Amino acid sequence: NAGVTQTPKFQVLKTGQSMTLQCAQDMNHEYMSWYRQDPGMGLRLIHYSVGAGITDQGEVPNGYNVSRSTTEDFPLRLLSAAPSQTSVYFCASSPAFRDHGYTFGSGTRLTVV
Amino acid sequence: TQLLEQSPQFLSIQEGENLTVYCNSSSVFSSLQWYRQEPGEGPVLLVTVVTGGEVKKLKRLTFQFGDARKDSSLHITAAQPGDTGLYLCAGFSGGGADGLTFGKGTHLIIQP
């Protein structure tokens, strides 16, 4: 089925470890973004991309890196995991950066101990 | 500062009742969207409203965009247990190419 695929579904990291959350979409969407969802905080934008080779920071970018080498893939890298990065991470894509609905992946639940 | 305020935060009602949830802001939005999220899943788009005063219906759900494009409401008629979930409003504000700004959501429980 067409959509946004996120892997892994669950992950436990130790403080200081690094990892990459994978996100792939097969809808040829130009816009992709990463959000984190925390209780009482809602969904907050981490990084976004308006097309291959173009990325920019969102509201809470510290501690995360992204790259967009292809239209399909938009991985999120945690450089040195911290307990404050314990969260549920969602990748989303859209045909364009404004005024279009987003298609979300099913999320990655990350725990940093 | 929360750009989009949703109310109520929590709502638990009986099957068959009607309800309205609200999404308010002091900012003007070019469009507002409503999503529903179920546990363990990502949000799923329900509707996008673009024009001030616009009303859209999706079966028993009625969405309205305020005339000034600063607020929106979701009304559910004859709620069913399948309507249970987290309802999120989201919008684009300003002129930048960033992303959707989300409200914190309304947790809705429909009891049989």
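So, here is what we can say about the structure in this document. Everything numeric here is computed off the predicted structure, so don't read it as measured data.

About the cut-offs
- Residues numbered from 1 in each chain as written.
- Chains lettered and ligands numbered in written order.
- Predicted model: local features only at pLDDT ≥ 70, side-chain atom pairs only at ≥ 80, totals over all residues.
- Heavy atoms only, no water.
- Contact = heavy atoms within 4.5 Å.
- Buried area = accessible area lost by both parts, 1.4 Å probe.
- Salt bridge = Lys/Arg side-chain N within 4 Å of Asp/Glu carboxyl O.
- Helix = DSSP H or I, 4+ residues; strand = E, 2+ residues; numbered from the N terminus.
- Buried < 20%, exposed > 50% of the residue type's maximum accessible area, 1.4 Å probe, protein only.

Facing the 23 residues of chain B at the interface are 21 residues of chain A. Each partner contributes to the roughly 1700 Å² buried at the junction of chain B and chain A, and carbon and sulfur atoms together form 52% of this total. Our count for the contact surface shared by chain B and chain A stands at zero salt bridges.

For the rest of this paragraph, the subject is the environment of Val49 of chain B. Residues and elements named next belong to chain B. Considering the arrangement of structural elements, one finds Val49 in strand β5 (residues 44-49). Val49 sits in the buried class, given a relative accessible area of 0%. On a C-alpha basis, the gap between Val49 and Leu32 in space is 5.4 Å, while along the polypeptide they are 17 residues apart. Excluding its chain neighbours within four sequence positions, the residues that come into contact with Val49 are Ser31, Leu32, Glu54, Lys56, Phe65 and Ser72.

All names here are of chain B. Structurally, the position occupied by Val55 is in strand β6 (residues 55-58). Residue Val55 is classed as partly exposed on the basis of its relative accessible area of 45%. With ten residues separating them in the primary sequence, Val55 and Phe65 have C-alpha atoms 6.6 Å apart. Among all residues touching Val55, those that are not within four sequence positions of it are Thr62, Phe63 and Gln64.

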